Amino acid sequence: MTVDSDSDEQGQRPKKPNHDQEVEFDPDFRFELVGDLYADLLHSDLERTPDTVNKMSKNPISIEEVIARRKLKHASAKRKRVDEYESESGTSDCSTERSTTDCEVPDEFKGEGASLEVADKDEASVDDSDSQQDSPSEDDDSLSVESETETQAEKDRKAVFFDLETRQDSHSSFLTMNLSRPLQRALTSLGFVSPTPIQASTIPVALLGKDVVGNAVTGSGKTAAFIIPILERLLYREKGNNATATRCLILVPTRELAVQCFEVGSKLAAYTDIRFCLAAGGLSLKSQEAALRTRPDIVIATPGRLIDHLRNSPSFTLDALDVLVLDEADRMLSEGFADELNEIIKSCPVSRQTMLFSATMTDSVDELVKMSLNKPVRLFVDPKRTTAKGLIQEFVRVRAEKESNRTALLVALCKRTFRQRVIVFFRSKKLAHQVRVVFSLLDMNAAELHGDLSQEQRLKALQSFRDGQADFLLATDLASRGLDIKGIETVINYDMPNQFEQYLHRVGRTARAGKSGRSITLVGESDRKMLKSVMKHSASDDNIRHRVIPADVVLKWSKKVDELKGEVVAVLHEEKEEKQLLQADMELKKGQNMLEHEAEIFSRPARTWFQTEKEKARAAGRKQGGNGIAPGESGISPGDSLKPKRDKYAGLSRKVKRRKMAIEAEQEPGQKGAIDAAIRSAKRQARPGKVGKVQTKNAAGGRKKVASKGTSRVGDAFNHDLSAKREGIRARKGDAIGGMGRRKGGKR
Ligand SMILES: Nc1ncnc2c1ncn2[C@@H]1O[C@H](COP(=O)(O)OP(=O)(O)OP(=O)(O)O)[C@@H](O)[C@H]1O
């Protein structure tokens, strides 16, 4: 009954060794390597065969070492091959040959009146030879991924749900926003002169304490849009030992994004005394627990790890939370995160301010009610879900019978034209790994990023790509959201994502912050409707191109890739063998450890999780079917709590749950109940004091009424009406709330 999102292995309580059962040594044991590991490299349906990628986070196998070793082994043969490649990838590849090939653009382009300019002088050409044959069917519109027609009923619901009255000032400079000096300094040192549109509209509204639902294209500065107002308001928080509390929580769907958000926040807070804590999966639980004990002002977390801390770190609570931010909110609101999000929301006070942001944010009331928002202000800067203006989108057609050429097409693109600062997206971890082996064998400097790697490997891969050591980052959708890597020039989609939102996020890794960039997508026959949707939402028709790769080039590279087949299989075999050896070694160590420290290990309290094993399996199943990031790629590791304790408090409100726990604790024999009660009492004491009985005027009878418990708090960072600052008056410590968007503790 444990949970620990550090690794797949964790989360399981060690089984008690059964000393009665003799473990026999099997002299005939052989490492089992079943199936053709290469079989699906060039084809689809990759999920059926077992994964070959290392899943062990403790001592990961280095694929570089395996490849390097094999390269050494076949040094002479390899030298010959490299010579051959070099000679062939010289002038002949970059010739201006423009023959019609098997890889043409789908004709949907033509019907839309989109630009068909040649994208690249070396290898792209216009091809409209069979426009009739492939013209879109009449009903293609109905295939559009999202419905843009809104019923009157939905419009009415939105009118009631959203706050349409709050004035949205437009600021063309950070100076007119009256931000404090430490923040102005940080903005200057980051080179932020004027706010981006989403920042200009969000910051003043967020300073009023209003709930916000924000949408703006990828790379438009949403992170700073929510961090700046949080920091500004925290500068006026109550200070001193009793007032120390975690007041803001920023939830993000992936660990990498959490690290990035932490870095942005730390830079913006560089000249303040505001403290951050990173609580993302895959990083050390112990040091996070220690950091959370100090009650940092802002916690940036992935959902799984946060829940783990909420349940298992005695001193950590969200009771004093003032602001909850969901970055990539549509992803967090999706089914894959539903259970975790519910659990977290239950732990947050209802009086919090909530801000939701994403480039593909929904304004569907049905979705948003899940967050129990309080009259949110809808800030949709780019309501049409467009791509960035500086993005040129190219498409390469892959005919059904030529699906096996995808890898060759990718290699051709990366060898000839897009040679550095390229992210390649794949739909599966296994495929990303296999292509990584192909790239390495072809001496292309690539790093991979997906959920089958340890957190250490993930961060290392990202760093090597950021530093320019790796020219290519071969990634799954784990890297599609939010990652901000300077200088990415090209995004290649090895396959078209199933969801339009996913496409927007993937291509949004380039052309960020007003810069230009290019995306190239390999489009199969089954991707037509998605292609149409993509074209419909493009920022400009002029930005759409199609690329034709000459047939002889494709042929040459598919031959090369085929020749490598044996070597790729050998590398994957070797990797698998090493993995099994390492696994055996780890099991041995684990056994020894159990023998030596059995008593101590079993005396540790079991970590708990909020779902039962069944619920968790069900949720994992749902996640698999959901969009975007696969389980294990987010902050929630699939190993989390394989044997979770049934949560008897599930479904109860926080208050009822606490009361029930307290009663049970008192009835519990021995020390445990008393200790738990003492912890709870200490937590209560540690909470920043609440403003006791606030006397408010009862509008109906004119009688004074005592505000309910939990109304507003002393030490509340947002006890101060910062809206006053908009008029040029700086709020002071101790100012009372006035003109705020809500009353603290008010019902939602
Ligand atoms: N006011 C500003 N002036 C100049 N650059 C800015 C400004 N605000 C943000 N940026 C830069 O813009 C880039 C993109 O910012 P950010 O990652 O917050 O975008 P985003 O909208 O969250 O993107 P995504 O939707 O992909 O998550 C960052 O490199 C950031 O430093």
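Residues numbered from 1 in each chain as written. Predicted model: local features only at pLDDT ≥ 70, side-chain atom pairs only at ≥ 80, totals over all residues.

Participant: Outline the overall build of the protein, listing residues and values.
Facilitator: Counting its regular elements, the protein contains 24 helices and 16 strands. Counting only residues that meet the buried cut, the protein has 44% of its 748 residues in that class. (Helix = DSSP H or I, 4+ residues; strand = E, 2+ residues; numbered from the N terminus. Buried ≥ 20, exposed ≤ 12 C-beta atoms within 10 Å, placed from the backbone.)

Participant: Tell me about the site of the ligand, and please be specific about residues and values.
Facilitator: What surrounds the ligand is a group of 18 residues, the closest being Thr218, Gly221, Lys222, Thr223 and Ala513. Of the residues forming the shell around the ligand, the biggest block, 3 residues, is contributed by helix H7 (residues 222-234). Shared between two domains, the shell around the ligand holds at least three residues of each, these being domain 1 (174-380) and domain 2 (391-569). (Near = placed C-beta within 6 Å. Domains from an automatic or database assignment.)

Participant: Please give an account of helix H15 (residues 429-441) that cites residues and values.
Facilitator: Since the α-helix packs 3.6 residues into each turn, any two residues three or four apart lie on the same face. With 13 residues, H15 ought to run about 18 Å at 1.5 Å a step, and its terminal C-alpha atoms sit 19 Å apart, in line with that. Of all 13 residues in H15, 13 are buried; the element is thus mostly enclosed. One or two residues past the end of H15 sits Asp443, with phi positive at roughly 60 degrees. (Expected span 1.5 Å × (residues − 1).)

Participant: Run through the domain arrangement of the protein, naming residues and quoting values.
Facilitator: Looking at the protein, the domain boundaries give domain 1 (174-380) and domain 2 (391-569). One C-alpha centre belongs to domain 1, the other to domain 2; they are set 31 Å apart. Between domain 1 and domain 2, the contact holds 18 residues from the first and 16 residues from the second. For the side of domain 1 that touches domain 2, the secondary structure elements donating two or more residues are helix H8 (255-268) and helix H11 (329-333). Of the residues forming the side of domain 1 that touches domain 2, the biggest block, 4 residues, is contributed by H8. Of the residues assigned to the side of domain 1 that touches domain 2, the class counts are 5 nonpolar, 7 polar and 6 charged. (Contact = placed C-beta atoms within 7 Å. Nonpolar A, V, L, I, M, F, W, Y, C, P; charged D, E, K, R; others polar.)

Participant: Talk me through the pairing of strand E13 (residues 517-523); I want residue IDs and the actual numbers.
Facilitator: Summarising burial for E13: 7 of the 7 residues are buried, a large majority. Going residue by residue along E13, you find Gly517, Ser519, Thr521 and Val523 tucked away on one face and Arg518, Ile520 and Leu522 tucked away on the opposite face as well. Sheet topology note: the strand E8 (residues 391-397)/E13 ladder contains 7 bridges and is parallel. Residue pairing in the sheet places Val396 in a bridge with Leu522 of E13. Where strand E12 (residues 490-493) lies against E13, 4 bridges are found, and the strand directions are parallel. (Pairing = 2+ DSSP bridges.)

Participant: Lay out the UniProt feature "short sequence motif: Q motif" (unreviewed entry) in the protein with the relevant residues and their values.
Facilitator: UniProt marks residues 172-200 with the feature "short sequence motif: Q motif" (unreviewed entry), using the numbering shown here. The span residues 172-200 shows a helical share of 48% and a strand share of 0%, and its end C-alpha atoms are spaced 7 Å apart. (UniProt positions renumbered as here; feature names shortened; annotations may be inferred.)

Participant: Can you break down the sheet that holds strand E9 (residues 422-425) residue by residue, with the values?
Facilitator: If you walk across this open sheet you meet the 7 strands as E10-E11-E9-E12-E13-E8-E14, and the pairing is parallel. The open sheet has two edge strands with one neighbour each: strand E10 (446-449) and strand E14 (544-546). Put simply, the sheet's adjacent strands are angled 20 degrees from each other on average, direction ignored. Sheet contacts for H15: E10 and strand E11 (472-475); angle to E10, the most-contacted strand, approximately 170 degrees. (Axes fitted to C-alpha atoms, helices over the stretch in contact; angles between N-to-C directions.)

Participant: Break down the nonpolar core for me, citing the residues and quoting the values.
Facilitator: Core analysis: the biggest nonpolar cluster contains 144 residues, and Leu231, Leu251, Ala258, Ile300, Leu409, Val424 and Leu473 have the highest contact counts within it. When residues in this core are grouped by element, the largest group, 8 residues, is from H7. In terms of domain composition, this core takes at least three residues from each of domain 1 (174-380) and domain 2 (391-569). Sequence-distant contacts of Leu231, that is, excluding residues within four places in its chain, are made with Leu183, Leu268, Ala269, Thr272 and Ile274. (Core = buried A, V, L, I, M, F, W, Y, C linked by C-beta atoms within 7 Å.)

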